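Each chain, letter by letter, is given below.
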Amino acid sequence: MGFEKFLFYVFALVLVFSAVRVITVRNPVHAALFLVLAFFTSAALWLLIEAEFLAIVLVLVYVGAVMVLFLFVIMMLDINIVPLREGFIRYLPVGVTVALIIVIEMGLVVGSGYFGAEQYRLVPHAVDYSNTRELGSVLYTFYVYPFEIASAILLVAIIAAISLTMRRREGTKSQDPAWQVRVSRDDRVRLVRMMPEKKK
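What you are looking at is a predicted structure, and each value in this text was computed from that prediction instead of being measured.

About the cut-offs
Residues numbered from 1 in each chain as written. Predicted model: local features only at pLDDT ≥ 70, side-chain atom pairs only at ≥ 80, totals over all residues. Heavy atoms only, no water. Axes fitted to C-alpha atoms, helices over the stretch in contact; angles between N-to-C directions. Helix = DSSP H or I, 4+ residues; strand = E, 2+ residues; numbered from the N terminus. Parallel < 35°, antiparallel > 145°, perpendicular 65-115°, else oblique. Left-handed = near helix turned anticlockwise from the far one by under 90°. Contact = heavy atoms within 4.5 Å. Nonpolar A, V, L, I, M, F, W, Y, C, P; charged D, E, K, R; others polar. UniProt positions renumbered as here; feature names shortened; annotations may be inferred.

Undergrad: Looking at this model, I keep getting lost on the packing of helix H1 (residues 3-24) against helix H2 (residues 28-48). Mind explaining?
TA: Each packed pair of helices is defined by two parameters, the angle between the axes and the distance between the axes. At their nearest, the axes of H1 and H2 sit 8 Å apart, and the two run at 155° to each other. By the criterion of interaxial angle, the relationship of H1 to H2 is roughly antiparallel. For the pair H1 and H2, the sense of crossing is left-handed. Contacts between H1 and H2 involve Glu4, Leu7, Phe8, Phe11, Ala12, Val14, Leu15, Phe17, Ser18, Arg21 and Val22 from the former and Ala31, Phe34, Leu35, Leu37, Ala38, Thr41, Ser42, Ala44, Leu45 and Leu48 from the latter. When the residues that make up the contact of H1 with H2 are grouped by side-chain class, the tally is 16 nonpolar, three polar and two charged.

Below, the structure is given as structure tokens:
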């Protein structure tokens, strides 16, 4: 067994362990930290297959931005875990059924001839090879329609999130920027002429 295969198995074991701990640990902060570990090990696996751009994007975007935001939200919210644990047994059969279906689907996809390892053997590239350019050329030629569909779905999700936060709620105070801009000096400032005081 070569050193690259040894590194692959080490990172794969750490990734599986951290992914299992994300869904089994009781503390939400620990779950988020295990998810950070899963992202780092996924980036290491992408480095092994010479996908440096995807690895650095995963570390910068997900670990550096998204997971930091998740940690701040989790630590600032007072999450009551007791009601969540009460419904765990009730939904366990559905969760196990969905997990088995996903495992079977992954086995069918990965075990097919399309994802065979013999057609993805790593070959040395030229000095001016750029996997970022290759990724962009594949993404915007062969997968341009799925990319556009995913962009439209993300746009709808952004609009839905904004509309949910902008809805009118009872008992909340808000400012009207248009009214604030129309205010003049006479509406805010009142000049008072006072007589000077005489010293006794």
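Undergrad: When you look at the UniProt feature "transmembrane region" (unreviewed entry) in the protein chain in this model, what are you seeing that I'm missing?
TA: Taken from the UniProt record, the annotation "transmembrane region" (unreviewed entry) applies to residues 6-24, 31-49, 55-79, 91-117 and 137-164. End-to-end, the C-alpha atoms of residues 6-24 are 27 Å apart, and along that stretch the chain is 100% helix and 0% strand. In residues 137-164, the share of helix is 86% and the share of strand is 0%. The end C-alpha atoms are 37 Å apart.

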